[in-house]
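Report on the structure
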Amino acid sequence: DGELLKDYLQSVGDEQRFIIYTPGEGASLNLAFIDDVVETWKPDLLVVDSLPLIATEGDTRSGKDWKEFLDVSYGLKNIAMSRNIAVLTASQANREVTDEATHPSPSQISFGDALGQACDLVFSLAKPRSEAQRQTHRVLKMQKARGTRMLEENIYLEFDVDRGVIRETTYVQN
């Protein structure tokens, strides 16, 4: 339930372990603002939920084409490198992916080429094939590793975001 997740995130934000920013209606989120927040609060990790909502330099609308997406991806990488922090972002698979139990390839991730060029590590999530575990578990797979060893084995996660639970678990039949 989305309300449970919203309540959880708000309670975490109240504990001042996280800074949660959601632009208001009609407002845009841009790289300069993100960089200012990072400079001010000095987090160890920046989590960006939706790259397409980030406006590019001098633009007040969210980026929609691959070049704008590439600019945003490399802009976040520059923030990460200049501020010495990690950046975690998410992107959805495109419409080609019809089987939620199959890991999308980088070319099947929305604007995946642009995002993949900038990223040092790329992971994908898939649902387990087991119907009993499809709502509560995910299978994490490393798709790309720059400057580190590639993990060949999958990582199995208990995944219940409505309760704020995401943790490694034992093998999930997939």
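Residues numbered from 1 in each chain as written. Predicted model: local features only at pLDDT ≥ 70, side-chain atom pairs only at ≥ 80, totals over all residues. Heavy atoms only, no water.

A closer look at unusual backbone geometry
- Unlike most non-glycine residues, Lys42 shows phi in positive territory, near 50°.
- Structurally, Lys42 can be placed in the loop between α2 (31-41) and β2 (45-48).
- For Lys42, a relative accessible area of 60% corresponds to the exposed category.
- Even without a glycine there, the phi angle at Asn84 is positive, about 55°.
- Checked against the element boundaries, Asn84 lands in the loop between α3 (66-83) and β4 (86-89). (Helix = DSSP H or I, 4+ residues; strand = E, 2+ residues; numbered from the N terminus. Buried < 20%, exposed > 50% of the residue type's maximum accessible area, 1.4 Å probe, protein only.)

Notes on the pattern of salt bridges
- In total, this model carries 11 salt bridges according to the counting rule given.
- Linking Arg146 and Asp120 is a salt bridge whose minimum nitrogen-to-oxygen distance equals 2.7 Å. Taken together, the residues Arg146 in the loop between β6 (137-145) and β7 (155-160) and Asp120 in the loop between α4 (112-118) and β5 (121-126) connect sequence positions 26 residues apart.
- According to the relative accessible area criterion, Asp120 is partly exposed, its value standing at 36%.
- Because the salt bridges share partners, they merge into one network encompassing Glu100, Lys127, Glu131 and Arg134. (Salt bridge = Lys/Arg side-chain N within 4 Å of Asp/Glu carboxyl O.)

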